[in-house]
Amino acid sequence: MIEVKDLRFAYPRSRTEAVRGVEFSVEAGEVFGFLGPSGAGKSTTQRILLGSLRGYSGRASVAGVEACRADGVYRAQVGAAFEFPCFYQKLTGLENLELFASFYPEPRDDPGVLLERLGLAEAADRRVAEYSKGMKMRLNLARAVIHRPRVLFLDEPTSGLDPANARTVREIIRERAAGGAAVFLTTHDMAAADAACDRVAFLVDGRIAACDSPAALKRRYGKRAVVVEREENGTERGTLLSREFPLDGLGDDEAFRAELRKPGLLGVRTLDSSLDRIFLRLTGRELE
Amino acid sequence: MNIFPFFRNDFRLLWRHGFAAAYLVVALVYAAVLSALPQTWADAAMPVLAWSDAAFFCFFFAGASVCLDLAQGTFRALFVSPLRPWTYFLVKAANLSILSFGMAVAVSLSSRGLEFRPLPLAVSVLAGGSPSSLIGAALALRLRTVNRFLVGTIPVFLILSLPVLRYAAEPWIPGWLASLSRWTPTEGSFLWARAAYAAVPGGELTAGAAAALAWTAAASVLILGPAARAAEGE
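A. View of helix 10 (residues 275-283) of chain A. Residues and elements named next belong to chain A. Of all the residues in helix 10, the buried ones are L275, I278, F279 and T283. Down the axis of helix 10, the smallest arc covering the buried residues is 105°, so these residues share one side. Facing away from the buried side of helix 10, by more than 90 degrees, are the exposed residues R277 and R281. Taken together, the buried residues of helix 10 touch strand 3 (31-35), helix 7 (190-196), strand 9 (199-204), strand 10 (207-212) and helix 8 (214-221). Directly beyond the C-terminal end of helix 10, a positive phi value near 75° is found at G284.

Laid out in structure tokens, this is it:
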């Protein structure tokens, strides 16, 4: 659904390229996470794919149409939720949603049902100026999905949301993907990406440093070991003792079994790497 | 794409942002001023006031409206949808022109009763409102905030006012300034505004309408188009 090949782009009056030979594809029904620090080229790539930036080289197409030739038909297939929700402050949530929905052809979702699902039914007739950041973020998602786009671009869709609303948002994203939409999700939140994405790409300085499923990345870059943690008896507050065992041959490891039989067992955990650690290892920098 | 909901919501926004109320207040002020003037003076002032409804208010309110969109960040969301910039600006110009026409009719009725011609007045509003709205919107896209727009557009405002200067003081202004006023975007509109209240030669009116059309086309292609593309890419 989304095809990007050797994509390069430099802003006017800039000597360096913001995007340097990026390549990836996103299939229908897939949630693809685009992760990277500020200035890595995430927004530039997204804006190219949305048809807002021209003058790139390489290929950037959505549903077989090159982004630089984006027309009304192209844009009708695309839904976008930006990181900072932008609405008409003097219109109500429902008026905003109906206005933006009116630009797209049928079939569309019922605005009332969508607002209800996102917990905004009671605020539907309030002006957006009175909305909290979390409410605007939810309205932002509603606007992006209301016309049932085939391709969804979401920038930090769970930013500023409480856990319950973040879960609802993730559910809606997964539902849209299950319905055949290709979802391009840009985020700093590795836990959110881990929970929602089928594949992720790490973008640094305009280049993709790694691209795979979160599970495959964790396997590849994680440590194949388990740690047994127990509390040593006899001490006043209990000293935490940890011991590491290799995952290979663990079933036959007598020392591991003996550790499990000792008193004060607290738990056993794997040493899977998190996406944050993998990003740090691959790029040498943290995500802000 | 059905543009009626956008048309309706843009009008709603003009109301909620107070633009429509501003039109109403100015119309009342105009009516009050005209009623206080001797009839010959009021008759002389009437074309200027009617013309200013479109030429000035469309210019400033289109600019302010675009600045508000820029401040709210709604451009990004609008232009990733199938809505195209030209539709957006067309709707803004149309709504402001309708308000201007309503205001001009109300002021005319208050001063002259039914003794005016609505059709030339409508042409005047279109001929003034279209280029003024587009130029105002384009400058707002470049200047980006209401404050910068109000200050930065003073020279343009002065140029748009030249037809009135010639009308009021032609014997006392230099010839080159009078000639220059004939080439401003609002000259055609002013001729039609005068035609709403007095006889104006048909040739002049035809030339005025053609000039307004040319200015509108030029403003769209040469000023608004590049400004809209720049704003879309930001």
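Having put the structure on the table, let's press on.
B. Summary view of the confidence of the model for chain B. For chain B, per-residue confidence averages 89 on the pLDDT scale, and residues scoring 70 or more make up 98% of the total. Element-level mean pLDDT values for chain B span from 82 in helix 12 (residues 202-233) of chain B up to 92 in helix 2 (residues 19-36) of chain B.

C. View of the sheet that holds strand 9 of chain A. All names here are of chain A. Taken together, the 6 strands give an open sheet; going across it, the order is 6-7-8-3-9-10, and neighbouring strands pair in mixed fashion. On the outer flanks of this sheet lie strand 6 (78-81) and strand 10, each paired with one strand and no other. Adjacent strand axes in the sheet meet at a mean angle of 15° when their direction is disregarded. As paired strands, strand 7 (residues 151-155) and strand 8 (residues 182-187) are joined by 5 bridges and run parallel to one another.

D. Representation of the interface of chain B and chain A within the structure. With 26 residues of chain B at the interface, the matching set in chain A holds 24 residues. Of the roughly 2400 Å² buried between chain B and chain A on both sides combined, carbon and sulfur atoms contribute 61%. Sorting the residues of chain B by area buried against chain A places R16, V80 and P82 of chain B first, and these three jointly supply 27% of that buried surface. Along the contact surface separating chain B from chain A lie 2 salt bridges.

E. Highlighting the sheet that holds strand 4 (residues 57-62) of chain A. All names here are of chain A. Taking strand neighbours across the sheet as the criterion, the 4 strands line up as 2-1-4-5 in an open arrangement whose pairing is antiparallel. The open sheet has two free edges, formed respectively by strand 2 (19-26) and strand 5 (65-66), since each of these has just one partner strand. Two strands pair when backbone bridges link them, and strand 1 (residues 2-9) and strand 4 are joined in this way by 5 bridges, in the antiparallel orientation. Residue pairing in the sheet places K5 in a bridge with R59 of strand 4. Across the face of the sheet, helix 1 (residues 42-49) comes into contact with strand 1, strand 2 and strand 4 while running at roughly 120° to strand 1.

F. Molecular detail of unusual backbone geometry. All names here are of chain A. Going from E106 to P107, the amide bond is cis rather than trans, its omega being 0°. Tracing the backbone through its elements, the reader meets P107 in the loop between helix 3 (93-101) and helix 4 (111-117). One non-glycine residue, D6, lies in the positive phi region at around 45°. Inspection of the secondary structure assignment puts D6 in strand 1. Residue classification places D6 among the partly exposed positions, given a relative accessible area of 34%. One non-glycine residue, D205, lies in positive phi territory at about 50°.

G. Structural context of the packing of helix 3 (residues 39-55) of chain B against helix 6 (residues 85-112) of chain B. Residue and element names in this part refer to chain B. At a minimum axis separation of 9 Å, helix 3 and helix 6 run at an interaxial angle of 170°. In terms of orientation, helix 3 lies roughly antiparallel with respect to helix 6. From helix 3, Q39, A42, D43, M46, A50, D53 and A54 reach across to helix 6, where they touch S100, M103, A104, V107, S108, S111 and R112. Per-class residue counts for the contact of helix 3 with helix 6 are 7 nonpolar, 4 polar and 3 charged.

H. A look at helix 3 of chain A. With 7 of 9 residues buried, helix 3 of chain A is to be regarded as a mostly interior element. Every buried residue belonging to helix 3 of chain A is among G93, E95, N96, L97, L99, F100 and A101 of chain A, and all of these are buried. Lining the buried residues of helix 3 of chain A we find helix 4 and helix 5 (133-145) of chain A together with helix 1 (4-16) and helix 5 (74-79) of chain B.

I. Seen up close, the packing of aromatic side chains. Residue and element names in this part refer to chain B. Counted under the stated rule, the structure contains 31 aromatic pairs over all chains. Seen from their ring centres, W51 and F190 are 5.6 Å apart, and the 80° between their planes marks the pair as edge-to-face. Of this pair, W51 sits in helix 3 while F190 sits in helix 11 (residues 187-195); the two residues are 139 residues apart in sequence, bridging distant segments of the chain. On the accessibility criterion, W51 (0% relative accessible area) is buried.

J. Region of interest: the pattern of salt bridges. Residues and elements named next belong to chain A. Following the criterion strictly, the structure yields 27 salt bridges over all chains and no others. In this structure, the salt-bridge partner of K218 is D194, at a minimum N-O distance of 2.7 Å. Residue K218 is located in helix 8, and its partner D194 is located in helix 7; the two are separated by 24 residues in the primary sequence. The shortest N-O distance in the salt bridge between R269 and E229 comes to 3.2 Å. Within this pair, whereas R269 is found in strand 13 (residues 265-270), its partner E229 is found in strand 11 (residues 225-232), the two being separated by 40 residues in sequence. Here R269 falls in the partly exposed class, since its relative accessible area comes to 41%. Note on E229: relative accessible area 18%, which makes it buried.

K. Spotlight on the state of the cysteines. For the coordinates displayed, the defined rule picks out 0 disulfides over all chains. Free of any disulfide, C197 of chain A has its nearest cysteine sulfur in C211 of chain A, 11 Å distant. In this model C58 of chain B remains outside any disulfide bridge; the closest cysteine sulfur is found in C67 of chain B, 16 Å from its own.

L. The domain arrangement of chain A, seen in detail. Domain annotation of chain A identifies domain 1 (2-219) and domain 2 (223-271). Taken over C-alpha atoms, the centre of domain 1 of chain A sits 43 Å from the centre of domain 2 of chain A.

M. Inspection of the packing of helix 3 of chain B against helix 11 of chain B at higher detail. All names here are of chain B. Interaxial distance between helix 3 and helix 11 falls to 9 Å at its minimum, and their mutual angle equals 130°. It follows that helix 3 is oblique to helix 11 by the angle criterion. In the packing of helix 3 onto helix 11, the handedness of the crossing is right-handed. In this structure, helix 3 uses P47, V48 and W51 to contact helix 11, whose residues at the interface are S189, F190, A193 and R194.

Scoring rules and cut-offs
Residues numbered from 1 in each chain as written. Chains lettered and ligands numbered in written order. Predicted model: local features only at pLDDT ≥ 70, side-chain atom pairs only at ≥ 80, totals over all residues. Heavy atoms only, no water. Buried < 20%, exposed > 50% of the residue type's maximum accessible area, 1.4 Å probe, protein only. Helix = DSSP H or I, 4+ residues; strand = E, 2+ residues; numbered from the N terminus. Arc of directions from axis to C-beta. Contact = heavy atoms within 4.5 Å. pLDDT = per-residue confidence, 0-100. Pairing = 2+ DSSP bridges. Axes fitted to C-alpha atoms, helices over the stretch in contact; angles between N-to-C directions. Buried area = accessible area lost by both parts, 1.4 Å probe. Salt bridge = Lys/Arg side-chain N within 4 Å of Asp/Glu carboxyl O. Parallel < 35°, antiparallel > 145°, perpendicular 65-115°, else oblique. Nonpolar A, V, L, I, M, F, W, Y, C, P; charged D, E, K, R; others polar. Phe/Tyr/Trp six-rings, centres within 6.5 Å; stacked < 30°, edge-to-face > 60°. Disulfide = S-S within 2.5 Å. Domains from an automatic or database assignment. Left-handed = near helix turned anticlockwise from the far one by under 90°.

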